[in-house]
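Geometric and topological summary
Listed below, chain by chain, are the residues.
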Amino acid sequence: MGFSGLAFGQSTTGNIFGQAPAGDTVVATSATGVQRSVTVDADGRYTINGLPVGSYSVSLQKDGHEVSSRSNVTIQVSAGTDVSFSAAKNLESVTVTANALPAIDVTSVDSRTVITAQQLKTLPLARSAEAIALLAPGATQGSSWFTGPTGNALVSFGGASVTENAYYINGMNVTDPLNGLGGIDLPYGSIEQQETLTGGYGAAYGRSDGGVINQVGKRGTNEWHFGGQALWAPTSLRSDPKNIYNPANGKIYQYRNDNKGWNTTYDAYIGGPLIKDKLFLFTSVEASKSKDTLVSTASSNTAYKRDFHDPKWYTKLDWNINDSNIVELTAASTKHQYNGDVYAYDTSTRTLGDFEGTDTSTKTSAQMWIAKYTGYITDNLTVTAQYGKQKTEIFTSAGASIDPSIIPIAGADSENPAYTGGTPITNSQLSGTIGDPAHQTKGANYRIDLTYVLGDHTITAGIDNQRTQDLHDGEYIPAGYNWEYGKVDPGSFISETPSGEMQVDTPSNYPGGAQGYYVDQYKYQTAASVRVEQRAQYIEDSWQVSDRWLLKLGLRNDQFTNFNSNGQPYIRQTKPQWAPRLGFSWDVNGDSSFRVYGNAGRYYLALPTSVALRGASGSLFTRTYYTYTGIDANGYPTGLTPINTVNGPGQPYSENLEYGQSPDPKTVTAKSLTAQYQDEYILGFDKQLNSAWTYGAKAVYRSLKNEIDDTCQVELFTAKALEAGLDPSNLRGCYFFNPGRAATFTIPDGKGGYGEIHLSNEELGFQHAKRNYYALNLYLNHPFDGTWWGRLDYTFSRSYGNSEGQVKSDTGQSDISATQDWDYPSLMEYQNGLLHNDHKHQLKVSGGYQITPEWNVSGVISMISGAPYDCLGAYGPNGTYPAYAGPYYHWCSGKPVPSGSAGRLPWQKTVSLNVEYRPAFADNKLAFNADVFNLFNSQKPTYIYEYQNAGQFGRVRGYTTPRYVRLGVTYDF
């Protein structure tokens, strides 16, 4: 038996390994009384796999007598801990604490950061999985455009978009089934460990080419414990947010100094044995409440008084049937509820006016449960089986302020100033669309993993299946339509084909449109219930070639099928999608003091359920265009004159031919559509500097090899259909395809059959999809030695190409794999360059110091260089609009501006501190703490307006969260 450690995919376990006298027995005993033992092999090596995370005592026994032991050995998730007894044959009953154990895990080949419950108690972090994940090297905060199901900010790993991550709780995939934006997380105080995988993960992991956030919840032990915590972040200890100014005239665009509020959080837990050594319970609850004020833009003349409620709960049962059979049951829930009141607001006098009604209320309620069985069949054979479900209810209720008789106004910045006096006119109706109140998503996950130790080989194989559903999804406009204002250069068409043929005429030909101003009546409606089936099989061999060399050889096969509302597959990717995973670890000195490791792997990603909403289901997406000669007090245009379109004057026009018709599933995608996948390569080392310090370096290269998006070249499709003798009236507006590759599309022939059109990549006019990322990470680490711990990470990285991934951070477009990129070649010209998740320099420092048994201080320092941004305007030197009417092209002032070349946002520099006092008179069980976030109140722009439109380019959209203080009291018994 070698050192090759094993932790199952989506792991809740770790392992111990080491050297000891051949023939002796090593026994690991958990805090729940479960014992695992193994005989040391003839080479003096041993491994005990599949140990649930927690604290263990590990002893060496010779002839039935204990001769040496290690106490308080913490098993970290997915990691191996070296517990060696090489000198034990000369000892008599020696006990050593875990602090003396080596800090380098030579049994893993991946890149992970594990934060323990002890660290979470004191580190000044926002209470979310993403805030913890940001401690990992290469992890950066995603664009402020995107949030998770409970309103939390999201994370980009290694240049990937924020939708390409996977979330797990106690081994179950709890990623948001709708669009991949976040997932369920545990009550903060219930997290035993959070593992953040940033690359190199084994064949048991899949469905992510970004990162993996794996939370392992606490469990009961043989001692009863209970406790609680109260936290308070008062308004009075919050700094004022910066105001946002209009770059065109220097006036206030949004007054934000009063956009502040308070938060309280209460949680409680209890855990212990229901039956000693057999049955254990841990349960917890958390209630978070916030109230704040949000003053909207000056043009809206409104402010909101907002309430947020975020309750969570978690329960875990562990049944040790015996030392060889364990059953675990987990259930968790998280909710995010918003209610608000709308008031009139006068920005010039900073005064709140009359109550105008209630805002649209929302409630997202997510629950999950999982049952897991682990059987240690023999010393060499282990089996795990698990099944779980999740459900998320996404409720939207139109508030009293949503008056269907009031038509929302969009694009007010593009109103003709001759009719407004230079100040945009809007009204109190701000919600453009409302979702179906019955909307919910569901997920089911089941997997089986088998592990067999055969000499120096630890072989694991399994299946990993998942089904996700999006039910009663849809949006509509309560008023029936919105008024959208726009402007083009005088004489330019609002919309035209790539060859210059008119789709929507120039406003200059109609009364009131001489300067290019126009308005459109925008209608939008969607409705669908769809599902996605994902299946995978994998096998992996951890081969201990010698006492110093470990090889991990894995292979995974993923299959994805997406179904439309009628249960018909419109994407079927069931042919083998082989994902090899190869890694090595070299224990250079043979004592876990110096490790060199590497990894190469391929990672596939399925499309989430939301893709079908517009891509494979009937949807309405039209505009009817007019010029106007006035604007009334509600922001409505007056003096309307219909503008001619390809469908006729005053007729609805849809760039993507979305007139509400349901598409045939055979005609939605290219015939040979293949899944998105990415290749990754890692090479690094970890080395002990001395007994107290370790340091290391890691190089990473990631390359996106294939992507899915939609293309909407109606003119090209029409020409090819006519060339093939097919009726072009049966064409769809957009088709899913693999950008940069030739494609064959199926279309109805009008006679009850089908025909095909083939387009080479040259005809489609695109470069191959590209997203490359490389990084060098350097770190210095001082593990906790009873007094202090600290870690410093510096990462140099680049992310470049012509595609961010499934979303667009420059414009905030969250239509997964259906962004405006790749719709037309003109939109992709000069797209190649630096991407929005590129942060060249990242410096992260975290640590804590136990000054006395009563006083502890800790802190987190983050210094991240700013992301690049674009300048998007009209196309070409003459400012035309060959694809869509609007500033969506990589041209500004008639000059090309390649992606990411317009400039960079400033550095984000934050310092956060925590101070904790545990008085001796309460036996250190009572604690008072204070967190100060963003100590120096550094507020820098986090994202800006990237359109060259109405003088608004460069307008700040948001700033760093201002300094605030959180006070707390905790009791643990």
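Residues numbered from 1 in each chain as written. Predicted model: local features only at pLDDT ≥ 70, side-chain atom pairs only at ≥ 80, totals over all residues. Heavy atoms only, no water.

Re the state of the cysteines
Inspection of every chain in the model, using the stated rule, returns two disulfides. Between the sulfur atoms of C712 and its disulfide mate C734 the distance is 2.0 Å. With the S-S bond torsion at 105°, the cross-link from C712 to C734 turns out right-handed. Taken together, the residues span a long stretch of sequence, with C712 in the loop between β44 (709–711) and α5 (714–723) and C734 in the loop between α5 and β45 (735–737) at a distance of 22 residues. Each member of the pair, C712 as well as C734, carries the same accessibility label: buried. (Disulfide = S-S within 2.5 Å. Helix = DSSP H or I, 4+ residues; strand = E, 2+ residues; numbered from the N terminus. Buried < 20%, exposed > 50% of the residue type's maximum accessible area, 1.4 Å probe, protein only.)

A word on a nonpolar patch on the surface
Nonpolar side chains collect at one region of the surface, where W224, F226, I270, L274, I275, Y971 and F973 lie side by side and expose about 650 Å² of accessible area between them. If one sorts the elements of the nonpolar patch by residue count, strand β19 (residues 261–275) sits on top with three residues. Tracing the backbone through its elements, the reader meets I275 in strand β19. (Patch = residues over 30% accessible without salt bridge, like charges linked within 9 Å, V, L, I, M, F, W, Y side chains within 5 Å. Areas by Shrake-Rupley, 256 points an atom, 1.4 Å probe, with all protein chains shown as cover. Salt bridge = Lys/Arg side-chain N within 4 Å of Asp/Glu carboxyl O.)

So, the UniProt feature "domain: TonB-dependent transporter Oar-like beta-barrel" (unreviewed entry) in the chain
Per the UniProt record, "domain: TonB-dependent transporter Oar-like beta-barrel" (unreviewed entry) is found at residues 306–565 and 566–957. For residues 566–957, the end-to-end C-alpha separation is 41 Å, with 6% helix and 42% strand making up the annotated structure. (UniProt positions renumbered as here; feature names shortened; annotations may be inferred.)

Looking at the pattern of salt bridges
A pair can form between side chains of opposite charge whenever their charged atoms are brought close. Per the counting criterion, the structure on display carries 43 salt bridges. Between R112 and D105 there is a salt bridge, with its nearest N and O atoms 3.8 Å apart. Pair check on accessibility: R112 and D105 agree, each one buried. The shortest N-O distance in the salt bridge between D318 and K316 comes to 2.6 Å. Judged by relative accessible area, D318 falls into the buried class, the value being 2%. A residue is classified by how much of its surface remains accessible, and K316, at 1% relative accessible area, is buried. When salt bridges that share partners are traced, they join R207, R447, D449, D464, R556 and D558 into one network.

Brief notes about the UniProt feature "domain: TonB-dependent receptor plug" (unreviewed entry) in the chain
Under the local residue numbering, the UniProt record ascribes the feature "domain: TonB-dependent receptor plug" (unreviewed entry) to residues 110–211. As a span, residues 110–211 carries 11% helix and 26% strand, and end to end its C-alpha atoms are 12 Å apart.

Looking at the side chain of S585
Looking at the secondary structure, you find S585 in strand β36 (residues 578–587). Separated by 2.7 Å, the side chain of S585 and the backbone oxygen of V106 make a polar contact. For S585, the contacting residues outside a window of four places in its chain are V106, S108, V109, R548, W549, L550, R595, V596 and Y597. (Polar contact = N/O pair within 3.5 Å; in protein donor to acceptor, adjacent residues only side chain to side chain. Contact = heavy atoms within 4.5 Å.)

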